[in-house]
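Spelled out, the chains give:
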Amino acid sequence: MREKLQEIKEKTLAAITTGDINLARLEEIKVACLGKKGSLTAVLRGMGGLSAEERPVIGQLANQVRQDIEKAIEDTKARLKEEELNRTLRRETIDVTVPGNKAALGKAHALYQVEREICDIFVSMGFDIAEGPEVEYDYYNFEALNIPPNHPARDTQDTFYITDRVLLRSQTSPVQIRTMEKQKPPIRIISPGRVYRSDALDATHSPVFHQIEGLVVDKGITMGDLKGILETYAKALFGADVKLRFRPHHFPFTEPSAEVDVSCLLCGGEGCRLCKGEGWIEILGAGMVHPNVLRGCGIDPDVYSGFAFGMGVERIAMKKYEIDDIRYFYENDTRFLSQF
Ligand code: DAH
């Protein structure tokens, strides 16, 4: 029995100390030796057959063997766990000096930046922002603006029809009517938004684009007020040096009407590629609100007068940033957009 115990001890310790020992294998060894059906347990069970002198001696030896094996198992387990921990720590080290991943920040689209800049200038002069629907009645888009059916002005503003009476608005001017129906003077509004025309997409045309409309109605409003407001606006947007030029024009909903130019932003008036040799750049249409339009909204033209103006956001952005093709705005190429 002595030899048997010695053999168990040697075999078990040898198994524990092999190089490829791991935690799972260690558990197997423990069960094979100390478990219910283990080799050492079997020996201990057989002690009943020993003589009274031998039993305490063998018993003590057996205990010693068990203690040695248990200690070897515990020590090895502790060592394996520590090695495992060190491996994990090494694997999961964080190098805090590695540069981080920069999150790309989004921003407003170039057109909306310009739109906001323009609106801010008018808001600073006391204008409110008004909004209107993009799907509009023929009445608001044309009729109430003094453009009856068959009026030639409709030809230049052909749009997309949903029914005979409902269309995609071709201008932001209908917001003038919607505002005057709801609100009586004094009125001072600016209205940005999307408009539509059945134009093919090319370098200077798009079937969808953006306009900003303005309307002021009160007692005693004159063309002088219109000039003052537009001059303040143009200088705020393009710089204090720009000059304004009013050219007589015709719009059905204003009388008198004008097209308004600014002196060329690039050459200052000499003539260059930006102004196509003209020295001037057209930026908007404007005029005094036609008496028919005021009357149609229940505002007495003998008591009140007003001015209106409308401008294309793309056109202004293109001149401001010297962009020669409108399609850049809609292609969403971030190489283009990130410049603004
Ligand atoms: N709605 C016109 C257009 O799209 C622009 C315009 C001209 C608006 C004169 C106005 C105005 O308010 O008074 O061509």
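Residues numbered from 1 in each chain as written. Predicted model: local features only at pLDDT ≥ 70, side-chain atom pairs only at ≥ 80, totals over all residues. Heavy atoms only, no water.

Caption draft 1: Examining the packing of helix α5 (residues 110-124) against helix α8 (residues 223-238) more closely. Closest axis-to-axis distance for the α5/α8 pair is 10 Å, and the angle between their directions is 135 degrees. When the axes of α5 and α8 are compared, the pair comes out oblique. With respect to the hand of their crossing, α5 and α8 are arranged in right-handed fashion. Residue-level inspection shows Glu117, Ile118, Ile121 and Phe122 of α5 in contact with α8, the latter providing Ile229, Tyr233, Ala236 and Leu237. Each residue belonging to the contact of α5 with α8 can be placed in one class, and the counts come to 7 nonpolar, no polar and 1 charged. (Axes fitted to C-alpha atoms, helices over the stretch in contact; angles between N-to-C directions. Helix = DSSP H or I, 4+ residues; strand = E, 2+ residues; numbered from the N terminus. Parallel < 35°, antiparallel > 145°, perpendicular 65-115°, else oblique. Left-handed = near helix turned anticlockwise from the far one by under 90°. Contact = heavy atoms within 4.5 Å. Nonpolar A, V, L, I, M, F, W, Y, C, P; charged D, E, K, R; others polar.)

Caption draft 2: The site of the ligand, seen in detail. The immediate surroundings of the ligand are formed by 16 residues, with Gln171, Ser173, Arg197, Gln211 and Glu213 found nearest. Between the ligand and Ser173, the relevant distance is 2.9 Å, taken from a nitrogen atom to a side-chain nitrogen or oxygen of the residue. In this structure, Glu213 approaches the ligand through a side-chain N or O atom, which is 2.6 Å from an oxygen atom. Computed on the free molecule, the ligand has an accessible area of 360 Å², of which 91% lies beneath the protein chains in the complex. Those elements giving two or more residues to the shell around the ligand turn out to be β5 (208-218), β8 (280-289) and β9 (305-312). Of the residues in the shell around the ligand, the class split is 5 nonpolar, 9 polar and 2 charged. (Near = heavy atom within 4 Å. Polar contact = N/O pair within 3.5 Å; in protein donor to acceptor, adjacent residues only side chain to side chain. Areas by Shrake-Rupley, 256 points an atom, 1.4 Å probe, with all protein chains shown as cover.)

Caption draft 3: The arrangement of the packing of aromatic side chains in detail. One pass over the full model with this rule turns up 11 aromatic pairs. Judged by centre distance (4.9 Å) and plane angle (75 degrees), the ring pair of Tyr321 and Phe340 falls under edge-to-face. Separated by 19 residues along the polypeptide, Tyr321 in helix α10 (residues 313-321) and Phe340 in the segment after α11 (334-337) bring together distant segments of the chain. By relative accessible area, which is 34% here, Tyr321 ends up partly exposed. With a centroid separation of 5.9 Å and 70 degrees between ring planes, the pair formed by Phe329 and Phe336 is classed as edge-to-face. Here the two residues Phe329 and Phe336 agree in accessibility, since each one is buried. One aromatic cluster is present, formed by Phe122, Phe127, Tyr233, Phe307 and Phe309 through successive ring pairs. Sitting over the face of the ring of Tyr140, Arg178 holds its NZ or CZ atom 4.1 Å from the ring centroid. If you follow Lys227 out to its NZ or CZ, it ends over the ring of Phe246, 5.2 Å from the centre. (Phe/Tyr/Trp six-rings, centres within 6.5 Å; stacked < 30°, edge-to-face > 60°. Buried < 20%, exposed > 50% of the residue type's maximum accessible area, 1.4 Å probe, protein only. Lys NZ or Arg CZ within 6 Å of the ring centre and 35° of its normal.)

Caption draft 4: Just a negative patch on the surface, in detail. A surface patch of like charges, here negative, comprises Asp155, Asp158, Asp199 and Asp202. Relative to the elements of secondary structure, Asp155 occurs in the loop between α6 (138-141) and β3 (166-168). (Patch = residues over 30% accessible without salt bridge, like charges linked within 9 Å, V, L, I, M, F, W, Y side chains within 5 Å. Salt bridge = Lys/Arg side-chain N within 4 Å of Asp/Glu carboxyl O. Lys, Arg positive; Asp, Glu negative; His and termini not counted. Charge placed at Lys NZ, Arg CZ, Asp CG, Glu CD.)

Caption draft 5: Broad picture of the nonpolar core. Ranked by size, the top nonpolar core spans 45 residues in total, and within it Ile118, Phe122, Tyr233, Leu284, Phe309, Met311 and Phe329 carry the most contacts. Among the elements of the structure, α5, β5, α8, β7 (254-263), β8, β9, α10 and α11 are those that each provide at least two residues to this core. Once residues lying within four places of it in the same chain are set aside, the contact partners of Met311 are Ile118, Phe122, His210, Gln211, Ile212, Tyr233, Ile283, Leu284 and Ile316. Ile147, Ala153, Val175 and Ile189 belong to the second largest nonpolar core, which has 23 residues in total. (Core = buried A, V, L, I, M, F, W, Y, C linked by side-chain atoms within 4.5 Å.)

Caption draft 6: Inspection of the sheet that holds strand β1 (residues 128-129) at higher detail. Reading across from one edge, β1-β4-β5-β9-β8-β7-β6 is the order of the 7 strands in this open sheet, with mixed pairing throughout. Across the chains shown, the open sheet's two edge strands, defined by having one partner strand only, are β1 and β6 (244-251). Here 8 bridges tie β7 to β8, and the two strands are oriented antiparallel to one another. Across the sheet, the residue bridging to Thr254 is Val289, located in β8. Packing against the sheet, α8 makes contact with β6, β7, β8 and β9, and its axis sits at approximately 150 degrees to β8. (Pairing = 2+ DSSP bridges.)

Caption draft 7: Just the packing of helix α1 (residues 2-16) against helix α4 (residues 54-91), in detail. Closest axis-to-axis distance for the α1/α4 pair is 10 Å, and the angle between their directions is 5 degrees. Considered as vectors, α1 and α4 are oriented roughly parallel to each other. Touching Arg2, Leu5, Ile8, Lys9, Thr12, Leu13 and Ile16 of α1 are Val57, Ile58, Leu61, Ala62, Val65, Asp68, Ile69, Ala72, Ile73 and Thr76, all from α4. Split by residue class, the contact of α1 with α4 holds 12 nonpolar, 2 polar and 3 charged.

Caption draft 8: Geometry of α5. Taking 1.5 Å per residue as the helical rise, α5 with its 15 residues ought to reach 21 Å, and the 21 Å between its terminal C-alpha atoms agrees with that figure. The set of residues buried in α5 consists of Ala110, Leu111, Val114, Glu115, Ile118, Cys119, Ile121 and Phe122. (Expected span 1.5 Å × (residues − 1).)

Caption draft 9: Structural detail: the side chain of Thr179. Within the secondary structure, Thr179 is located in helix α7 (residues 174-182). When near neighbours in sequence (up to four residues on either side) are disregarded, Thr179 contacts Ala130, Ile187 and Ile189.

Caption draft 10: Main features of the environment of Gly132. Structurally, the position occupied by Gly132 is in the loop between β1 and β2 (135-137). Note: C-alpha distance between Gly132 and Ser173 (41 residues apart in sequence) is 9.5 Å. Those residues in contact with Gly132, other than ones at most four positions away along the chain, are Arg169 and Val175.

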